[in-house]
Amino acid sequence: MTTATTDERALEQLQREHGPALLSFLLNLTHGDQQRAEDLVQETLVRAWLHPEAFHGPYESMRPWLFTVARRLAIDARRSRLARPAEIGDGALAAAPDPTDVTETAVAALDVRAAVRGLSPEHRAVLVRIYFHGLTVKEAADDLGIPAGTVKSRSHYALRALGRCLPGYSRPRGHALSSATAATPQ
């Protein structure tokens, strides 16, 4: 089964009549990104090619249909880009510490130990049980003889305090301390 497509001459005329205005419209939507705007113009024309029925609509000009399709494609492309994690360049990788370098790991462990020692005994006890001994909140609560909510609260405030003490170390939200830095504090 073959799908009907728009006649090439009609598509060429459509591009000549509406291409420059469509490009200008998409340049505005892409904040001046020429390459992205050109790609979106091309994708809009592909949609026109795939939908010959749009040429026989009740309107005088194809421009409103083209601009609607282009706008929707631009919105979809933006949402898609925002859903992906940001790409990093080679410079960031070159500046990243070597994961096989034991010196970096040792320095990080010493920094974390010192910061943990600076916490109150209550906060330190919670972190040691949860992050260093691997206990669950309930297990830590049972071990310390305090409610689970108190364990959660103390761990939250202890991690905030560590974040202030260790500004050069960042960890993604929801991730535990790395095993490299999770040596039991002295």
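For the structure itself, look to the data block above.
What comes next concerns the included structure. Counting of residues starts from 1 at the beginning of each chain's written sequence and follows it residue by residue. Restriction of local features to residues with pLDDT of at least 70 applies here, the model being predicted, together with a cutoff of 80 or more for giving and counting side-chain atom pairs; totals for whole chains, interfaces and linings are based on all residues. As a rule here, side-chain values come from all non-hydrogen atoms in the structure, and water together with hydrogens is ignored.

### Regarding the nonpolar core
Selection rule: For this analysis, a nonpolar core means a set of buried residues of the types Ala, Val, Leu, Ile, Met, Phe, Trp, Tyr and Cys, connected via side-chain atoms within 4.5 Å. Per-residue accessibility, obtained with a 1.4 Å probe over protein chains only, is compared with the maximum for each type, and a residue is labelled buried under 20%, exposed over 50%, and partly exposed between these values. A run of DSSP states H or I qualifies as a helix once it reaches four residues; a run of E qualifies as a strand once it reaches two. Both are numbered from the N-terminal end. Any two residues whose heavy atoms approach within 4.5 Å are treated as being in contact.
L14, L22, L26, A48, M62, W65 and L66 are the most contacted members of the largest nonpolar core, which totals 18 residues. Of all elements in the fold, only α1 (8-29), α2 (34-50) and α3 (63-83) reach the threshold of two or more residues within this core. Looking at this core element by element, the count peaks at 7 residues for α3. The contact partners of W65, leaving out residues within four places of it in the chain, are R47, A48, H51, A54 and Y59. V112, L119, A158 and A161 belong to the second-largest nonpolar core, a separate cluster that totals 12 residues.

### Concerning a nonpolar patch on the surface
Put simply, the rule reads: Candidate patch residues must exceed 30% relative accessible area and have no salt bridge, after which like charges are joined if within 9 Å and Val, Leu, Ile, Met, Phe, Trp or Tyr side chains if within 5 Å. Accessible surface is estimated by sampling points in the Shrake-Rupley manner with a 1.4 Å probe; for residues, cover comes only from the protein chains shown. We define a salt bridge as a side-chain nitrogen of Lys or Arg found within 4 Å of a carboxyl oxygen belonging to Asp or Glu.
A grouping of V46, W49 and L50 is seen on the molecular surface, where their side chains present a nonpolar patch of about 230 Å² in accessible area. Examined against the element boundaries, L50 turns out to sit in helix α2.

### A word on the packing of aromatic side chains
Basically, it comes down to this: Each aromatic pair joins two rings of Phe, Tyr and Trp (for Trp, the six-membered one) with centres within 6.5 Å, and gets the label stacked for planes under 30 degrees apart, edge-to-face for over 60, and tilted for any other angle.
Evaluation of the coordinates by the stated rule reveals 1 aromatic pair. On the numbers, 4.6 Å between centres and 35 degrees between planes, the contact of F25 with F67 is tilted. Here F25 is found in helix α1, whereas its partner F67 is found in helix α3, with 42 residues between them in sequence.

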